[in-house]
Amino acid sequence: MKVLVVGSGGREHAICWKLKQSPKVTELYCAPGNGGIAQVAQCVSVKATDVEGMVAWAKGNAMDLVVVAPDDPLALGMVDELEAAGIPAFGPRQNAAVIEASKAFSKELMKKYGIPTARYETFTDLAAAQDYIRAQGAPIVVKADGLALGKGVVVAQTVEEALEAVQSMMVDKKFGASGATVVIEECMTGPEVTVLAFCDGKTVVPMVSSQDHKRAYDGNKGPNTGGMGAISPSPHYTPELARRCMEEIFQPTVAAMAAEGRPFQGVLYFGLMLTPDGPKVVEYNARFGDPECQTVLSLLESDLLEIMLACREGRLDTADIRWRSDAACCLVLASGGYPGSYKKGCPISGLEDVAGAVVFHAGTALADGQVVTNGGRVLGVTAVAPTLDGAIDAAYAGAKPIHFENMMFRRDIGRI
Ligand code: AMP
Ligand code: GLY
């Protein structure tokens, strides 16, 4: 089969790496891809958000399956357009991708179907939002409604901080149109766990759990990022919690989407907080999380292509989905300054000396045959071992030879 993966990050590199292992995949393409993906797939220079261009390329080159991995093209309806053009696509349609694209939608869905989440109110009026914050007090959480690269959330410790956040979202338009509506919610506490799940519209099959490290600096300090590292499985996620989440969160969510006429096909991301009152949803994403995808797919034993086809064809209930009983760790090597501004084009050395880990490229490019930095998150060094400690040690050891100017990484991935 000819398969095209849409996207250009560590997630897409991990998806390509895993798909490449399928005996059924004869040709693998990635649009636009990056410097590392180019080693496993043929990169195609169509932007991930160019729906028309992607459909034309996929049709012109007779793709048998297109995997739409990032949030933006999903929210733009790329899956709908591909399917309309007769090209099988993996990922939710636009009306289901809204579970990530609009926090107001997802909060409303959870309220309507009794799915546990933080109490909240939605606002389009600045004064009303300010009054609510003053009445509720701090800590309190302010979220831009739309997509904001994982950065549109402020966990405010003081009322002043929360007021500044609504000001910057609603008035200064820090996240553009994404901030015209804000969701203000109760601040929850407890460990965070990510559970990705395959869905075919009616059946939901959770993958091994994982834990992201969203803050930029050690000790969970500094600004929120797309994710600075991940481990799988999460030591907090017991079999008892898994059973409870399946019953109270995963199945009800997939059933709710189907009942709303928005059947969800693809990967549904459950961002959970294990609060003293039980597991609650922090957020949904309509796709694999990154870097979680890198650890989770490293533990998948079965053929990813077969699972994706089963999702698309509504036969996930009989799919073969097996996991290694090992642990995995992904350490993100980022550009100094990320998630703020950073330099691009710095040569990366030592990649050929990495041992005991797989290096997924997140933000790299090839310049005259040399791999150079081309994003905030640059590489994801991912290792698998029988124990979590072993996986963490192997990821850090694997990263040792790698160097580029202003390289930044956390020293406590999996230790916090
Ligand atoms: P989100 O983009 O919604 O996942 O939010 C980013 C991060 O903000 C989450 O991973 C949490 O660490 C934190 N967060 C979001 N909502 C809440 C909440 N209601 N209470 C506490 N922390 C939250
Ligand atoms: N790692 C979080 C995300 O992909 O949104």
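As shown above, the structure is provided for reference.
How each quantity is defined
- Residues numbered from 1 in each chain as written.
- Chains lettered and ligands numbered in written order.
- Predicted model: local features only at pLDDT ≥ 70, side-chain atom pairs only at ≥ 80, totals over all residues.
- Heavy atoms only, no water.
- Helix = DSSP H or I, 4+ residues; strand = E, 2+ residues; numbered from the N terminus.
- Rg over C-alpha atoms; globule rule 2.2 N^0.38 Å.
- Buried < 20%, exposed > 50% of the residue type's maximum accessible area, 1.4 Å probe, protein only.
- Contact = heavy atoms within 4.5 Å.
- Areas by Shrake-Rupley, 256 points an atom, 1.4 Å probe, with all protein chains shown as cover.
- Lys, Arg positive; Asp, Glu negative; His and termini not counted.
- Charge placed at Lys NZ, Arg CZ, Asp CG, Glu CD.
- Salt bridge = Lys/Arg side-chain N within 4 Å of Asp/Glu carboxyl O.
- Near = heavy atom within 4 Å.
- Polar contact = N/O pair within 3.5 Å; in protein donor to acceptor, adjacent residues only side chain to side chain.
- Nonpolar A, V, L, I, M, F, W, Y, C, P; charged D, E, K, R; others polar.
- Arc of directions from axis to C-beta.
- Pairing = 2+ DSSP bridges.
- Axes fitted to C-alpha atoms, helices over the stretch in contact; angles between N-to-C directions.
- Parallel < 35°, antiparallel > 145°, perpendicular 65-115°, else oblique.

A separate point is the overall build of the protein chain. Within the protein chain, the regular secondary structure consists of twelve helices and 23 strands. Taken over C-alpha atoms, the radius of gyration comes to 20 Å for the protein chain, in line with the 22 Å a tight globule of 416 residues would show. Summarising its shape, the C-alpha atoms of the protein chain cover approximately 60 × 45 × 45 Å along the three principal directions. In the protein chain, buried positions account for 57% of the 416 residues. Sequence separation of at least 24 residues holds for 68% of the intrachain contacts in the protein chain that already meet a minimum separation of 6. Summed over its atoms, the accessible surface of the protein chain is roughly 16,100 Å², and 50% of this surface lies on carbon and sulfur atoms. For the protein chain, the separation between the mean place of its 38 positive charges and that of its 48 negative charges on side chains is 0 Å.

The next thing to look at is the pattern of salt bridges. Counted under the stated rule, the structure contains 24 salt bridges. Where Glu83 meets Arg312, a salt bridge forms, and the shortest distance between an N and an O atom there is 2.8 Å. Residue Glu83 is found in helix α4 (residues 78-84), and its partner Arg312 is found in helix α11 (residues 304-312); the two are separated by 229 residues along the sequence. Relative accessible area serves as the criterion here: at 29%, Arg312 is assigned to the partly exposed category.

The immediate surroundings of ligand 1 are formed by 15 residues, with Glu185, Glu186, Met188, Glu192 and Glu283 found nearest. In this structure, Glu185 approaches ligand 1 through a side-chain N or O atom, which is 2.7 Å from a nitrogen atom. Lys214 is positioned such that a nitrogen or oxygen atom in its side chain is 3.1 Å from an oxygen atom of ligand 1. Here ligand 1, which alone exposes 470 Å², has 93% of that area covered by the protein. The set of elements that each furnish at least two residues to the shell around ligand 1 consists of β7 (140-144), β8 (153-156), β9 (182-186) and β17 (278-285). Tallied by class, residues from the shell around ligand 1 come to eight nonpolar, no polar and seven charged.

Bringing the side chain of Thr253 into the picture now. Looking at the element boundaries, Thr253 is found in helix α9 (residues 239-259). Look past the residues within four positions of Thr253 in its chain and what remains in contact with it is Ile99, Ile115, Leu268, Phe270 and Tyr284.

In the neighbourhood of ligand 2, the contacting residues comprise Asp212, Gly226, Tyr269, Asn285, Arg287, Gly289, Asp290, Pro291 and Glu292. A distance of 3.2 Å is found between an oxygen atom of ligand 2 and a side-chain nitrogen or oxygen belonging to Asn285. One of the backbone N or O atoms of Asp290 is found 2.8 Å from a nitrogen atom in ligand 2. Bound to the protein, ligand 2 loses 89% of the 200 Å² it would expose on its own.

Those residues of helix α7 (residues 126-136) lying buried are Ala129, Gln130, Tyr132 and Ile133. Taken end-on, α7 shows its buried residues confined to a sector of 160 degrees, consistent with a single buried face. Buried residues along α7 sit against β6 (120-123), β7, α8 (159-171) and β9. Phi turns positive one or two residues past the end of α7, at Gly137, with a value near 80 degrees.

Read from one edge to the other, the open sheet built from five strands follows the order β3-β2-β1-β4-β5, with strand pairing classed as parallel. On the outer flanks of this sheet lie β3 (42-43) and β5 (89-90), each paired with one strand and no other. With two bridges joining them, strand β2 (residues 27-32) and β3 adopt parallel strand pairing. Opposite Tyr29, over in β3, you have Gln42 as the bridge partner. Strands β1 (2-7), β2 and β4 (65-68) of the sheet are contacted by helix α2 (residues 51-60), whose axis makes an angle of about 165 degrees with β1. The sheet strands contacting α11 are β1, β4 and β5, and the helix crosses β4 at an angle near 90 degrees.

Glancing now at the packing of helix α6 (residues 103-113) against α9. Two elements in contact, α6 and α9, have axes separated by 10 Å at closest approach and are oriented at 105 degrees. If you check the angle between α6 and α9, you find them roughly perpendicular. Along the contact surface, α6 presents Phe105, Leu109 and Tyr113, while α9 presents Ala256, Met257 and Ala259. Taken together, the residues that form the contact of α6 with α9 break down as six nonpolar, no polar and no charged.

This next bit is on unusual backbone geometry. Cis peptide bonds are those with omega within 30 degrees of zero, and the linkage from Ser232 to Pro233 qualifies with -15 degrees. Take Pro233: it is sitting in the loop between β15 (229-232) and α9. Of note, the bond from Tyr338 into Pro339 is cis; its omega dihedral lies within 30 degrees of zero at 10 degrees. Of note, Pro339 is situated in the loop between β18 (327-335) and β19 (358-361). At Asn220, a residue that is not glycine, the phi angle is positive and equals roughly 55 degrees. Checked against the element boundaries, Asn220 lands in the loop between β13 (215-217) and β14 (221-224).

Note on placement: Val205 falls in strand β11 (residues 204-206). Apart from the residues lying within four places of it in its own chain, the contact partners of Val205 are Leu196, Ala197, Phe198, Leu316 and Ile321.

Moving on: the environment of Val66. Secondary-structure assignment places Val66 in strand β4. With 215 residues separating them in the primary sequence, Val66 and Val281 have C-alpha atoms 29 Å apart. Aside from chain neighbours lying at most four places away, what touches Val66 is Leu4, Val6, Ala58, Leu82, Ile87, Pro88, Ala89 and Phe90.

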